[in-house]
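Each chain, written out:
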Amino acid sequence: MGKLIVAIGREYGSGGREIGEKLANRLGIKFFDKELLTLVAKESGYCEEILQKNDEQPTNSFLYSLVMDTYASNGYAASNHFTELPLNHKVFLAQFDVIKNLAQRESCVIVGRCADYALADNPDCFSVFIHSRMDFRVKRVREYNPEKVFKDDNKVMDFINKIDRKRANYYNYYSNKKWADARSYDLCVDSSILGIDKTVDFITEYAKMRYGHLNL
């Protein structure tokens, strides 16, 4: 039986993680978002804290990368063929390798981390981008970040746009595609129109039509 890998890109607050997790449960396969960092740490030798600090955040500071590289690893970073690269590049390459190896082993849903780019040549993978209206995103961000005290909705939107810029910079920097551009993905869905659960239904139906031989 073949494998199925779904690579999900998402605007912040659009429900991408929740959709990915529910989709994985629906399909009976594994789910990876932040969980991928634990796997990368295990397989690469990098400290998980270092991976978290560099997660989907390319830095232009070469000095920062060189300084932090001292603390990154006693294994992978010291022994691989890219020791001359700054830390953020090595972290990306470690994630890239783990994503490709993971897709060879098992079916899964992967959120973010340029997974669609890493698996562009994998026929078992299709990519989805989740976006939504700003009012939908503002409401979700307030609900899921109760520890953050926002003065007004404009502050929430500033916070959302800041995270989106980071995700866009990361994706555009490391891939040969453009973040949030419909041409970069197989499927784009507005979660604010369908809602979270029906968006999961929609992606599931797409998977069934595209990969009918899997009997999903």
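For clarity, every value in this text was computed on a predicted model and none was experimentally measured.

Undergrad: Can you help me understand a positive patch on the surface in this one?
TA: Among the surface-exposed residues, K148, K162, R165 and K166 lie close enough to one another that they form a single positively charged patch. Relative to the assigned elements, K148 resides in the loop between α8 (134-144) and α9 (153-174). Assessed through its relative accessible area of 36%, K148 is described here as partly exposed.

Undergrad: I would appreciate a short explanation of the sheet that holds strand β3 (residues 108-111) in the present structure.
TA: By way of backbone hydrogen bonds, the strands of a sheet pair with one another, either parallel or antiparallel. Strands sit in the order β2-β3-β1-β4-β5 across an open sheet of five strands; the sheet is parallel. Since the sheet does not close on itself, it has two edges, and those belong to β2 (30-32) and β5 (187-190), each with one partner. Sheet twist, expressed as the average angle between the axes of neighbouring strands with direction ignored, equals 20°. As paired strands, β2 and β3 are joined by three bridges and run parallel to one another. The partner of F32 across the bridge, within β3, is I110.

Undergrad: Which parts of the structure should I look at to understand the side chain of S107?
TA: In this structure, S107 sits in the loop between α6 (87-105) and β3. For S107, the side chain forms a polar contact with the main-chain nitrogen of L4, separated by 2.8 Å.

Undergrad: Would you explain the packing of α8 against α9 in this entry?
TA: How two helices sit against one another is set out by the angle between their axes and by the gap between those axes. Put simply, α8 and α9 touch, their axes get as near as 10 Å, and they point 95° apart. Put simply, α8 runs roughly perpendicular to α9. Contacts between α8 and α9 involve M134, R137, V138, V141 and R142 from the first element and D153, V156, M157, F159, I160, N161 and D164 from the second. Partitioning the contact of α8 with α9 into residue classes produces seven nonpolar, one polar and four charged.

Undergrad: Would you mind going over the packing of aromatic side chains with me for this structure?
TA: Describing an aromatic ring pair means giving the distance of the ring centres and the angle of the ring planes. What the rule picks out here adds up to 13 aromatic pairs. Ring plane angle 85° and centroid distance 5.7 Å describe the contact between Y12 and F159, whose orientation is recorded as edge-to-face. With Y12 in the loop between β1 (5-10) and α1 (16-27) and F159 in helix α9, the pair connects residues that are 147 residues apart, well separated along the chain.

Undergrad: Is there a simple way to explain unusual backbone geometry in this structure?
TA: What is expected of a backbone is that most residues other than glycine have negative phi and most peptide bonds are trans. Phi is positive for C114, which is not a glycine, with a value near 55°. Unlike most non-glycine residues, A180 shows phi in positive territory, near 75°. Considering the arrangement of structural elements, one finds A180 in the loop between α9 and β5. Its relative accessible area of 35% is what places A180 among the partly exposed residues.

Undergrad: I would appreciate a short explanation of α6 in the present structure.
TA: Because each turn of an α-helix spans 3.6 residues, side chains separated by three or four positions end up pointing in the same direction. With 19 residues, α6 extends 27 Å from end C-alpha to end C-alpha; this agrees with the ideal 27 Å at 1.5 Å per step. Among all positions of α6, only L87, N88, H89, K90, V91, F92, A94, Q95, V98, I99, L102 and A103 are buried.

Undergrad: Help me understand the pairing of β3 in this model?
TA: Consecutive side chains along a regular strand alternate between the two faces of the sheet. Where burial is concerned, the two faces of β3 agree: the one with C108 and I110 and the one with V109 and V111 are both buried. Pairing between β1 and β3: four bridges, direction parallel. Within the sheet, the bridge partner assigned to A7 lies in β3 and is I110.

Rules of the game
Residues numbered from 1 in each chain as written. Predicted model: local features only at pLDDT ≥ 70, side-chain atom pairs only at ≥ 80, totals over all residues. Heavy atoms only, no water. Patch = residues over 30% accessible without salt bridge, like charges linked within 9 Å, V, L, I, M, F, W, Y side chains within 5 Å. Areas by Shrake-Rupley, 256 points an atom, 1.4 Å probe, with all protein chains shown as cover. Salt bridge = Lys/Arg side-chain N within 4 Å of Asp/Glu carboxyl O. Lys, Arg positive; Asp, Glu negative; His and termini not counted. Charge placed at Lys NZ, Arg CZ, Asp CG, Glu CD. Helix = DSSP H or I, 4+ residues; strand = E, 2+ residues; numbered from the N terminus. Buried < 20%, exposed > 50% of the residue type's maximum accessible area, 1.4 Å probe, protein only. Pairing = 2+ DSSP bridges. Axes fitted to C-alpha atoms, helices over the stretch in contact; angles between N-to-C directions. Polar contact = N/O pair within 3.5 Å; in protein donor to acceptor, adjacent residues only side chain to side chain. Parallel < 35°, antiparallel > 145°, perpendicular 65-115°, else oblique. Contact = heavy atoms within 4.5 Å. Nonpolar A, V, L, I, M, F, W, Y, C, P; charged D, E, K, R; others polar. Phe/Tyr/Trp six-rings, centres within 6.5 Å; stacked < 30°, edge-to-face > 60°. Expected span 1.5 Å × (residues − 1).

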